Structure formats: structure tokens, C-alpha cells
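If you want the building blocks of each chain, they are given just below.
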Amino acid sequence: MTSDVATPQFTTRQVEIVELLAAGLSNDELGERLGISPRTAKAHCDTLRAKLGVNRRRQIPVAYRIVTGDDPLRQSLVAAQAENGG
């Protein structure tokens, strides 16, 4: 049986936001890291919450993984392994 609900599409920036949320960054930290205002970071989070159908910001990374099958922490883990020589 197939689902009538289409999988949401994510921009490169939205994927960056999801990855940074999964790493635990606040809106202020997101803004600093990406060169955007904390208000813009919040707007991205609000858009992601709506797209993913979740009520809380902290639910975004888990919902993203469920919807896409991609682990938002994967990039962070790969970078950490490289830094540690592994």
C-alpha cells in the first residue's frame, strides 16, 4: 500500500539547520555559525517544525530522521572521527 502523503523536500540550508539542531545548538549559536540573525534561525526552525509536523524544536532532528532516513548527526560524527584520527 502506498501513502498519498508526499515526503517533504528540504533545502540545503534547512538540512544544515537540522544538523546543527541535532548537535544541540541554540538559535543564537545557529545564527553565529551560519551568519544569520537568531530571529532568522528561529524562522527556519518554525518552517521545519511545520514541514515535519512536530510541535517542539527539539523534535525536529528525530522527525527529520524518520521522514528521510538520514541521520542528522552523521556529518558531526564523521568530522569528530576525522579530528580524532579515526
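Asks: Tell me about the packing of helix 1 (residues 12–22) against helix 2 (residues 27–34), residues and numbers included.
Replies: For any two helices packed against each other, the geometry is given by the interaxial angle and the distance between the axes. Packing of helix 1 against helix 2 brings their axes to within 11 Å, and their N-to-C directions diverge by 130°. Between helix 1 and helix 2, the angle is such that the two are oblique. In this structure, helix 1 meets helix 2 at a crossing whose hand is right-handed. Facing Arg13, Glu16, Ile17, Leu20 and Leu21 of helix 1, the residues of helix 2 in contact are Leu30, Arg33 and Leu34.

Asks: Any details on the packing of aromatic side chains? Residues and values, ideally.
Replies: Counting across every chain of the model gives 1 aromatic pair. Centre to centre, the rings of Phe10 and Tyr64 are 5.1 Å apart; their planes meet at 70°, and the pair counts as edge-to-face. Of this pair, Phe10 sits in the segment before helix 1 while Tyr64 sits in helix 4 (residues 60–68), placing them 54 residues apart in sequence. The exposure class assigned to Phe10 is buried, which follows from its relative accessible area of 19%.

Asks: Account for helix 2, naming residues and giving values.
Replies: Within helix 2 the residues assigned to the buried category are Asn27, Leu30, Gly31 and Leu34. Buried residues in helix 2, looked at end-on, bunch into an arc of 100°, giving them a common side. In helix 2, the exposed positions angled more than 90 degrees off the buried face are occupied by Asp28, Glu32 and Arg33. Elements that come into contact with the buried residues of helix 2 comprise helix 1 and helix 3 (38–52). Directly after helix 2, the chain includes Gly35, whose backbone phi takes a positive value near 70°.

Asks: Go over the nonpolar core, please, and point to the residues and values.
Replies: Ile17, Leu21, Leu30, Cys45, Leu48, Leu52 and Ile60 are the most contacted members of the largest nonpolar core, which has 17 residues in total. Going through the elements one at a time, helix 1, helix 2, helix 3 and helix 4 are the ones with two or more residues in this core. Not counting the four nearest positions on each side in its chain, Cys45 is found in contact with Ile17, Leu21, Asn27, Leu30, Arg57 and Ile60.

Asks: Break down the packing of helix 2 against helix 3 for me, with residues and values.
Replies: At a minimum axis separation of 8 Å, helix 2 and helix 3 run at an interaxial angle of 105°. When the axes of helix 2 and helix 3 are compared, the pair comes out roughly perpendicular. Here helix 2 contributes Asn27, Asp28, Leu30 and Gly31 to the contact with helix 3, which in turn contributes Pro38, Ala41, Lys42 and Cys45. The residue inventory of the contact of helix 2 with helix 3, partitioned by class, reads 4 nonpolar, 2 polar and 2 charged.

What counts, and where the lines are drawn
Residues numbered from 1 in each chain as written. Predicted model: local features only at pLDDT ≥ 70, side-chain atom pairs only at ≥ 80, totals over all residues. Heavy atoms only, no water. Axes fitted to C-alpha atoms, helices over the stretch in contact; angles between N-to-C directions. Helix = DSSP H or I, 4+ residues; strand = E, 2+ residues; numbered from the N terminus. Parallel < 35°, antiparallel > 145°, perpendicular 65-115°, else oblique. Left-handed = near helix turned anticlockwise from the far one by under 90°. Contact = heavy atoms within 4.5 Å. Phe/Tyr/Trp six-rings, centres within 6.5 Å; stacked < 30°, edge-to-face > 60°. Buried < 20%, exposed > 50% of the residue type's maximum accessible area, 1.4 Å probe, protein only. Arc of directions from axis to C-beta. Core = buried A, V, L, I, M, F, W, Y, C linked by side-chain atoms within 4.5 Å. Nonpolar A, V, L, I, M, F, W, Y, C, P; charged D, E, K, R; others polar.

Honestly, that's just the spatial picture; any functional story needs more than this.
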